[in-house]
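Below are the chains, spelled out letter by letter.
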Amino acid sequence: MLRFIHTADWQIGMKAAHVGTVGQIVRAERLEAASRVVEAATNHRADFIMLAGDTFEDNAVDRVLVQQIADILGTFSGKVYIISGNHDPLVPGSVWDHAAWQSYSNLNLLRKAEPLAIDGATLYPCPLSEKHSLKDPTRWINANDDKNIAIGIGHGTVEGVSQSELDYPISRDAATRAGLDYLGLGHWHSFASYESPDGTVRMAYSGTHETTKFGERDSGNALLVEIAERNVAPKLTPIRTGRLSWITMERRLSESGDAVRLREEVEAVPDTDSTLLDLRIDGVVDQADQAELERIDELVRARFLYGRLDTSGLAPSPDDDRWLDALPAGVLREAAQRLQALSDPANTEERPDYASAAVATRALLELYRLVQEEEP
């Protein structure tokens with residue numbers, strides 16, 4: 001039985017500027033998660049760890065981080081096999097030239113695309129030496145005549161994965177074509193597995209060890225891979241290594257009471273000290289719900305490690321425009337009525353460039369709030 005941990009896309013050194021000052025905590029958690037990967041490998045008695053690329057955000061990261069990662073991986077009692085990815089390609093002066101990699105005898109940087117015999121298996125590494133390429137990095141592998149368990153380590157885009165640009169394309173049948181028992185991949189930050197024509201799974205993304213942003217599903221894991229013998233399908237078990245939860249909530253308000261129910265839902269979110277929340281609300285809101293929206297805003301900003309609230313999709317309820325009629329006659333009422341008209345995305349009248357429906361909605365809701373505050 002061969003047992004190992006497959007991990008990738010640690011992105012150590014990422015700026016995390018998208019979460020502001022919380023970025024420092026996000027960066028620190030990526031180091032902590034690296035230690036949790038080693039802990040998982042130890043607890044599951046893994047024979048080795050393999051890192052399938054993008055260990056670092058880029059080749060310009062602080063070299064102190066390089067030493068820290070080497071120190072973390074060096075605590076593992078077994079071997080560690082590492083390939084470069086497109087974020088940290090093998091180029092002169094890269095992170096892989098640092099002396100840290102010679103600090104520990106168990107660390108093995110696989111610099112060449114050639115078979116490597118290890119105890120009971122053969123590794124077929126596919127290190128990258130460019131940031132972008134349209135070449136399949138696994139195309140060279142031919143393990144069909146290998147008598148040992150054959151394991152590929154690659155980094156790229158499996159066909160069918162949603163990407164803005166095709167980069168290092170890898171066919172969905174790459175493991176079968178190459179005669180591999182398992183092909184462990186990096187580049188995609190969520191766990192994903194791919195069936196061979198016979199229905200077995202021999203190729204997978206482990207996903208990143210700690211979620212990097214909103215919208216990444218099934219991330220924050222390492223993958224335990226167990227292979228009984230040559231030509232036997234592997235058993236894949238995701239192991240949680242991430243601590244932070246990145247939650248995206250998209251909710252629509254359409255009737256009285258929806259805002260109350262949403263506030264209760266936000267209040268019920270557990271582990272808020274390790275949760276980043278992106279809450280997006282659209283629909284219609286009447287004046288009675290304004291206090292609830294303000295309370296939701298307070299909860300999002302005060303309770304969570306990081307929170308942001310987007311209400312640009314909200315519009316005042318068309319059935320409750322009495323507050324407009326209550327405004328003093330003149331410029332104020334005319335401005336409010338104009339904003340109400342502009343807040344309708346279906347309004348085809350000519351509008352200033354800056355007066356999008358979203359901007360008009362926010363302005364109308366702000367006026368709505370000020371009017372409510374002035375009421376006795």
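Residues numbered from 1 in each chain as written. Predicted model: local features only at pLDDT ≥ 70, side-chain atom pairs only at ≥ 80, totals over all residues. Heavy atoms only, no water.

**Topic: the packing of helix H4 (residues 258-267) against helix H5 (residues 290-303)**
Turning to step 1, where the next piece is worked out: In the contact formed by H4 and H5, the axes pass within 9 Å of each other and the chain directions differ by 15°. Here H4 lies roughly parallel to H5, going by the angle between them. In the packing of H4 onto H5, the handedness of the crossing is left-handed. Between H4, through Ala259, Val260, Leu262, Arg263, Val266 and Glu267, and H5, the contact on the second element is made entirely by Glu292, Arg295, Ile296, Leu299 and Arg303. (Axes fitted to C-alpha atoms, helices over the stretch in contact; angles between N-to-C directions. Helix = DSSP H or I, 4+ residues; strand = E, 2+ residues; numbered from the N terminus. Parallel < 35°, antiparallel > 145°, perpendicular 65-115°, else oblique. Left-handed = near helix turned anticlockwise from the far one by under 90°. Contact = heavy atoms within 4.5 Å.)

**Focus on the sheet that holds strand E14 (residues 235-240)**
Turning to step 1, where the next piece is worked out: Judged by pairing direction, the sheet is mixed, and its 6 strands sit side by side in the order E4-E3-E2-E1-E13-E14 without closing on themselves. With one partner strand each, in any of the chains shown, strand E4 (107-109) and E14 form the two edges of the open sheet. Neighbour to neighbour, the strand axes of the sheet diverge by 25° on average, direction disregarded.
Turning to step 2, where the next piece is worked out: In this sheet, strand E3 (residues 79-83) lies alongside strand E2 (residues 48-52) in parallel orientation, the contact comprising 5 bridges. (Pairing = 2+ DSSP bridges.)

**Side note on the pairing of E2**
Turning to step 1, where the next piece is worked out: The element E2 is extensively covered by neighbouring structure, given that 5 of its 5 residues are classed as buried.
Turning to step 2, where the next piece is worked out: Because side chains alternate across E2, one face comprises the buried residues Phe48, Met50 and Ala52, and the other comprises Ile49 and Leu51, equally buried.
Turning to step 3, where the next piece is worked out: As for the winding sense of the linkage, the β-α-β connection from strand E1 (residues 2-7) through helix H1 (residues 23-43) to E2 is right-handed.
Turning to step 4, where the next piece is worked out: The β-α-β motif built from E2, the intervening helix H2 (residues 63-74) and the parallel element E3 has right-handed crossover chirality. (Buried < 20%, exposed > 50% of the residue type's maximum accessible area, 1.4 Å probe, protein only. Right-handed = clockwise from strand over helix to strand, strands pointing away.)

**Thoughts on the side chain of Asp146**
Turning to step 1, where the next piece is worked out: By secondary structure assignment, the location of Asp146 is in the loop between strand E6 (121-125) and strand E7 (149-155).
Turning to step 2, where the next piece is worked out: Once you skip the residues sitting within four places of it in the chain, Asp146 turns out to touch Thr122, Tyr124 and Arg230.

**Some thoughts on the nonpolar core**
Turning to step 1, where the next piece is worked out: The biggest cluster of nonpolar side chains holds 33 residues, and the ones touching the most others in it are Ile5, Phe56, Ile69, Leu73 and Trp101.
Turning to step 2, where the next piece is worked out: The set of elements that each furnish at least two residues to this core consists of H1, E2, H2, E3, E4 and strand E13 (221-227).
Turning to step 3, where the next piece is worked out: Those residues in contact with Phe56 that sit more than four places away from it in its chain are Gln11, Ile12, Val61, Leu65, Val66, Ile69, His87, Asp88, Val95, Trp96 and Trp101.
Turning to step 4, where the next piece is worked out: The next biggest cluster of nonpolar side chains, apart from the first, holds 25 residues, and it includes Met249, Leu279, Trp323 and Leu364. (Core = buried A, V, L, I, M, F, W, Y, C linked by side-chain atoms within 4.5 Å.)

**Notes on the sheet that holds E6**
Turning to step 1, where the next piece is worked out: Pairing in this open sheet of 6 strands is mixed, and the strands run E5-E6-E7-E10-E12-E11 from one edge to the other. A single partner strand is all that each edge strand has here, and the edge strands are strand E5 (116-118) and strand E11 (192-195). Pairs of neighbouring strands in the sheet enclose a mean axial angle of 20°, with direction left out of account.
Turning to step 2, where the next piece is worked out: Across 5 bridges, the pairing between E7 and strand E10 (residues 182-186) is parallel. Within the sheet, the bridge partner assigned to His155 lies in E10 and is Gly186.

**A short note on the packing of aromatic side chains**
Turning to step 1, where the next piece is worked out: Taken as a whole and judged by the stated rule, the model has 10 aromatic pairs.
Turning to step 2, where the next piece is worked out: Look at Phe56 and Trp101: their rings are 6.3 Å apart centre to centre, the planes differ by 75°, and that puts the pair in the edge-to-face class. Remark: Trp101 occurs in the loop between E3 and E4 and Phe56 occurs in the loop between E2 and H2; sequence separation between them is 45 residues.
Turning to step 3, where the next piece is worked out: What makes Trp101 buried here is its relative accessible area of 6%.
Turning to step 4, where the next piece is worked out: Geometrically, the ring pair formed by Tyr124 and Trp140 is tilted, given 6.0 Å between the ring centres and 40° between the ring planes. Placement of Tyr124 in strand E6 and of Trp140 in the loop between E6 and E7 is noted, with a sequence separation of 16 residues between them.
Turning to step 5, where the next piece is worked out: Each member of the aromatic cluster is reached from another via a ring pair, and the members are Phe4, Phe48, Tyr81 and Tyr182. (Phe/Tyr/Trp six-rings, centres within 6.5 Å; stacked < 30°, edge-to-face > 60°.)

**Re the environment of Leu107**
Turning to step 1, where the next piece is worked out: Within the secondary structure, Leu107 sits in strand E4.
Turning to step 2, where the next piece is worked out: Owing to a relative accessible area of 8%, Leu107 belongs among the buried residues under this scheme.
Turning to step 3, where the next piece is worked out: Between the C-alpha atoms of Leu107 and Val284, which are 177 residues apart in sequence, the distance is 58 Å.

**Focus: the pattern of salt bridges**
Turning to step 1, where the next piece is worked out: All told, the structure shown has 19 salt bridges when counted by the stated rule.
Turning to step 2, where the next piece is worked out: When the shortest N-O distance is used, the salt bridge between Glu29 and Arg243 registers 2.8 Å. Of this pair, Glu29 sits in helix H1 while Arg243 is found in the loop between E14 and strand E15 (245-253), placing the two residues 214 residues apart along the sequence.
Turning to step 3, where the next piece is worked out: Members of the salt-bridge network, linked through shared partners, are Glu29, Arg36, Glu210 and Arg243. (Salt bridge = Lys/Arg side-chain N within 4 Å of Asp/Glu carboxyl O.)

**Some details on the environment of Pro115**
Turning to step 1, where the next piece is worked out: Following the sequence through the fold, Pro115 ends up in the loop between E4 and E5.
Turning to step 2, where the next piece is worked out: The contacts of Pro115, once residues within four sequence positions are left out, are Thr122, Leu123, Tyr124 and Trp140.

**Quick look at the side chain of Thr138**
Turning to step 1, where the next piece is worked out: As for its placement among the helices and strands, Thr138 is situated in the loop between E6 and E7.
Turning to step 2, where the next piece is worked out: For Thr138, a relative accessible area of 1% puts it in the buried group.

**Thoughts on H5**
Turning to step 1, where the next piece is worked out: Helix length check: H5, at 14 residues, gives a terminal C-alpha distance of 20 Å against a target of 20 Å (1.5 Å per residue), a fit within 8%.
Turning to step 2, where the next piece is worked out: Within H5 the residues assigned to the buried category are Gln290, Glu292, Leu293, Ile296, Leu299 and Val300. (Expected span 1.5 Å × (residues − 1).)

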